[in-house]
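# Tertiary structure, described
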Amino acid sequence: MSTLVTNIGQVVTGRLEEPILDVETVYIEGGRIRELGTTTATAETTINANGLTLTPGLLDSHVHPVFGDYTPRQQTVGWCESYLHGGITSMISNGEPHLPGRPDDIESAKSLATLARKSYSKKRPGGVKVRGGTLILNGDMTEADIEDVYREGVERLKFLMPVEDRDRARDLVTWGHERDMIVLMHCGGTSLPGVKSTNAEMFVDIEPDIAAHVNGGPTPIPDDEVAKLVIETDIVLDLVLAGNQRVAVDVLKMADERNDLHRVQLGTDTPSGTGVTPLGVLLEAAFLTGMTDIAPESVICLASGNTARHHNLDTGRIEKGRPADMILMGAPKGSQAETALETLNAGTYPAIDTVFVDGEVLVHGSRNTAPAKTTTTIEGT
Ligand SMILES: [Zn+2]
């Protein structure tokens, strides 16, 4: 199966080093980007982008799935598919604590992470690549426990609440890193009954890879501690919709001043008490672009290539050889802006027209965003 996309207005790469690429065509074959600025003239399917902006499919860095396309937290069916209509082609589980009646003994925690990992690997809800299965750590776990889940394909470990024994906490991080696993730590106040607050000193001491919702989920740590995390560590800074937006702006400005935008990623921290937010990452990107001087194409990198890089995923960038997980987006009808980037710059979220996953068009006309001023035309099979 081959697809040629022509008449692209702008290409946003998802890479901060070179956020915009000056090409008008992309050739896709076998689900991957094969040529950028191609001279190939024919393909089984031709898509005329009519000047729309091509970006990587967005990643939601922070979701709480359980199984399939149902969330018990907000009793919503089809939430992943709805996020696809908000441009989300991949999402990263930050744990599956919303399982009704979740047992918290070690074997059950391991089984839950393993089962979520395997079931989402086998079935993409709504076509979205859900990286399910994040082991919620507790201080009684041993290296053998980490090895068990690693062997079953679990890729991430998370401190949902502080492990009181610091030596054991550091051991858990080391055991994860020895297996190339990513270690996340809840950052902020109590989010659920039984979850304890963390502080910056714990991050400095334990050194996880990612400060999950550094702007709080929903309650952030005090401002001086947030600054300490940004300045004194090189931990990944996860900014979420279901947090404090004033703190998100502060963190982003601090990271930008320090040339540390590569550490920032965007997510929603949903489904949660905040709800199900299909346009959450897009909304966060628009808000942060509107409230800072950071270029819109760079903010898109925070919601795509950065997250992919932090999680060792192949997606999130418009580059030769990568999976063709992509979006064609534009200015919404009625907007004073003419392009998707101008729309973001104004603080409005752009219109999603077409969403591809592995080169396949899964959305043509988002049911969640406003319609774009122009739309793509698709010819062929
Ligand atoms: Zn969360």
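Keep in mind that what you see is a predicted model, and the values were worked out from it rather than measured.

### Points about the pattern of salt bridges
The final tally for this structure, using the stated rule, is 30 salt bridges. The closest approach of N and O atoms between Glu107 and Lys110, which form a salt bridge, is 3.1 Å. Here Glu107 and its partner Lys110 are both found in helix α2 (residues 106-122), three residues apart, which amounts to about one turn of the helix. You can call Lys110 buried: its relative accessible area is 6%.

### Considering α2
Helix length check: α2, at 17 residues, gives a terminal C-alpha distance of 25 Å against a target of 24 Å (1.5 Å per residue), a fit within 8%. Looking at α2, one finds that the buried residues are Ala109, Lys110, Leu112, Ala113, Thr114, Ala116, Arg117 and Tyr120. Turning to α2, the residues buried within the fold contact β12 (129-131), β13 (134-136) and α3 (143-151).

### Some words on the pairing of strand β8 (residues 58-63)
Where a strand is regular, its side chains alternate between the two sheet faces. Within β8, six of the six residues are buried, which leaves it mostly tucked inside the rest of the structure. When β8 meets strand β11 (residues 88-93), the two strands line up parallel, connected through four bridges. From the neighbouring strand, Asp60 faces β11, where its bridge partner is Met91.

### Remarks on the domain arrangement of the chain
Its domain assignment divides the chain into domain 1 (2-56 + 317-380) and domain 2 (58-310). For domain 1 versus domain 2, the distance between C-alpha centres works out to 27 Å. Taken together, the contact between domain 1 and domain 2 spans 32 residues of the former and 34 residues of the latter. The contact between domain 1 and domain 2 buries some 2,600 Å² in all, and 69% of this surface belongs to carbon and sulfur atoms. Per-residue buried area on domain 1 facing domain 2 is highest for Leu16, Leu344 and Arg367; these three make up 23% of the total on that side. The interface formed by domain 1 and domain 2 includes four salt bridges. In this structure, Lys129 engages Asp325 in a salt bridge whose closest nitrogen and oxygen atoms are separated by 2.7 Å.

Thresholds applied
- Residues numbered from 1 in each chain as written.
- Predicted model: local features only at pLDDT ≥ 70, side-chain atom pairs only at ≥ 80, totals over all residues.
- Heavy atoms only, no water.
- Salt bridge = Lys/Arg side-chain N within 4 Å of Asp/Glu carboxyl O.
- Helix = DSSP H or I, 4+ residues; strand = E, 2+ residues; numbered from the N terminus.
- Buried < 20%, exposed > 50% of the residue type's maximum accessible area, 1.4 Å probe, protein only.
- Expected span 1.5 Å × (residues − 1).
- Contact = heavy atoms within 4.5 Å.
- Pairing = 2+ DSSP bridges.
- Domains from an automatic or database assignment.
- Buried area = accessible area lost by both parts, 1.4 Å probe.

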